[in-house]
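Tertiary structure, described
Spelled out, the chains give:
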Amino acid sequence: WQPHNMDKDASAEALGWTLCAVLGLSYGLVAGVAGCRALNLRGRGHGGPWTTQKVLHLLVTLCAAARCAFFAHASTLWDWEAGTVSTFATPAPRLAFYVLDQLPTTVLFTIYASVALFWAEMVFVATDGALLYEDYARPADAVVNAATYALLVLQWAALADRSYGFYAPGPYALVSAALYAFAAALLVGFGRAAAYELRRVPIEGVLRRKKLREIGALTSAGAFATLGRSVALLAVRDRPLPLEGPWDALVAAGYFGLLELAPVLLVLYYYRRVPRPRRPDEHAALFPLKGAGRDARDALRRLAELQFEPFEPAESVL
């Protein structure tokens, strides 16, 4: 039986290496494209405010680069037949495995939250609630994200002293599933509200349909991906994940490709346009949050100018 087992180990390892190479290369390309766009946007902004578009490109760069490093690390540390981290792994590489896997997952939550916050800003301005957005919505978003990353660091500290080997630790899977369900609720709630307000904005019909398709696509893809990842993490928590054949590799590729990479590519696509350079005084005049929306019609006019110009993307300040 020993030659048979050796052949099985070699087959699983070859399949695992191929999977890591394909996914790692895909994420590396996305990180390179997003990073170049982020630098281009920062240069075109001439030191202007950190807009939603700039922040999303930086977050996508961080998420994709960390995931690329994860696949490079996992290709040597993961026991493909046992479905766990190699028993020969020392504490530092073992911890690095979980850091490189869990960081992109959490950054992805921040990406979804940023898109939802962008739509929330649209809704608050259109409904004469810009001050509520500035005083409550933005601080709440910062608090939730800070608490999320604090929990993540505590999780890493707990794993540093344990010889844990499964892919998804139970507490991490539960917290991540709850966060993704919360992100799905934010996307659907604010996406629907933004679409409703968009139908009331006096803009050209073709442009309106284009923006409605954008909101619908991002909402549908984001909600599907977040809920799908929630279910998947709960299903695999504290369980070995051996790579026993091509079907297992296809499932793993679908998990990362459909539930993580595809929504990220969609975000990059809809936030792809490079805005024209603005003078420093234009940034403040474009969207004055303080005192905005005293007159509902004026708020809608500013909303139309900000969100729906045909040749440049939204410049929402986080």
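Note that the structure is predicted; figures quoted are calculated from it, not measured.

Time to look at the overall build of the chain. Helix and strand counts for the chain come out as 9 helices and 2 strands. Along the chain, helices and strands appear, N-terminal first, in the series α-α-β-β-α-α-α-α-α-α-α. Out of the 318 residues in the chain, the part that is buried amounts to 48%. Within the chain, contacts between residues separated by at least 24 positions form 81% of all contacts whose residues are at least 6 apart in sequence. About 15100 Å² of surface is accessible on the chain, with carbon and sulfur atoms providing 68% of the total.

Structurally, Leu268 is set in helix α7 (residues 246-270). Counting along the chain gives 238 residues from Leu268 to Val30, while the straight-line C-alpha distance between them is 9.2 Å. With residues up to four places along the chain from it excluded, the contact list for Leu268 reads Val30, Ala34, Arg37, His57 and Val60.

Close contact between helix α3 (residues 91-126) and helix α5 (residues 170-198) brings their axes to 8 Å; oriented N to C, the two are set at 25°. The angle between α3 and α5 falls in the class roughly parallel. As for how α3 packs across α5, the hand of that crossing is left-handed. Each residue belonging to the contact of α3 with α5 can be placed in one class, and the counts come to 21 nonpolar, 3 polar and 2 charged.

Close inspection of predicted coordinates is inappropriate for parts of the model with low pLDDT. Predicted confidence across the chain gives a mean pLDDT of 82, with 79% of residues reaching 70 or more. By mean pLDDT, the top-scoring element of the chain is helix α2 (residues 52-77) (94), and the lowest-scoring one is helix α8 (residues 280-286) (38). Per-residue pLDDT stays below 50 along residues 276-318; that stretch engages in 91 contacts with residues further than four places along the chain or on separate chains.

Our next topic: the nonpolar core. One finds Phe97, Ile111, Trp119, Tyr167 and Phe256 to be the most contacted residues of the largest nonpolar core, which totals 66 residues. Going through the elements one at a time, α1 (2-44), α2, α3, α4 (130-160), α5, α6 (205-236) and α7 are the ones with two or more residues in this core. In terms of residue count, the dominant contributor to this core is α3 (13 residues). Dropping the residues within four chain positions of it, Phe97 is found in contact with Phe70, His73, Ala74, Leu77, Trp78, Val85 and Tyr167.

By the element assignment, Thr110 lies in helix α3. Residue Thr110 is classed as buried on the basis of its relative accessible area, which comes to 10%. Here Asn145 takes part through its side chain, which lies 2.8 Å from a polar atom of the side chain of Thr110. Dropping the residues within four chain positions of it, Thr110 is found in contact with Leu59, Asn145 and Tyr149.

A separate point is unusual backbone geometry. Phi is positive for Asp128, close to 65°, though the residue is something other than glycine. Following the sequence through the fold, Asp128 ends up in the loop between α3 and α4. Owing to a relative accessible area of 39%, Asp128 belongs among the partly exposed residues under this scheme. Phi angles above zero are rare outside glycine, and Asp238 is one such case at about 55°. Relative to the helices and strands, Asp238 resides in the loop between α6 and α7.

About the thresholds
- Residues numbered from 1 in each chain as written.
- Predicted model: local features only at pLDDT ≥ 70, side-chain atom pairs only at ≥ 80, totals over all residues.
- Heavy atoms only, no water.
- Helix = DSSP H or I, 4+ residues; strand = E, 2+ residues; numbered from the N terminus.
- Buried < 20%, exposed > 50% of the residue type's maximum accessible area, 1.4 Å probe, protein only.
- Contact = heavy atoms within 4.5 Å.
- Areas by Shrake-Rupley, 256 points an atom, 1.4 Å probe, with all protein chains shown as cover.
- Axes fitted to C-alpha atoms, helices over the stretch in contact; angles between N-to-C directions.
- Parallel < 35°, antiparallel > 145°, perpendicular 65-115°, else oblique.
- Left-handed = near helix turned anticlockwise from the far one by under 90°.
- Nonpolar A, V, L, I, M, F, W, Y, C, P; charged D, E, K, R; others polar.
- pLDDT = per-residue confidence, 0-100.
- Core = buried A, V, L, I, M, F, W, Y, C linked by side-chain atoms within 4.5 Å.
- Polar contact = N/O pair within 3.5 Å; in protein donor to acceptor, adjacent residues only side chain to side chain.

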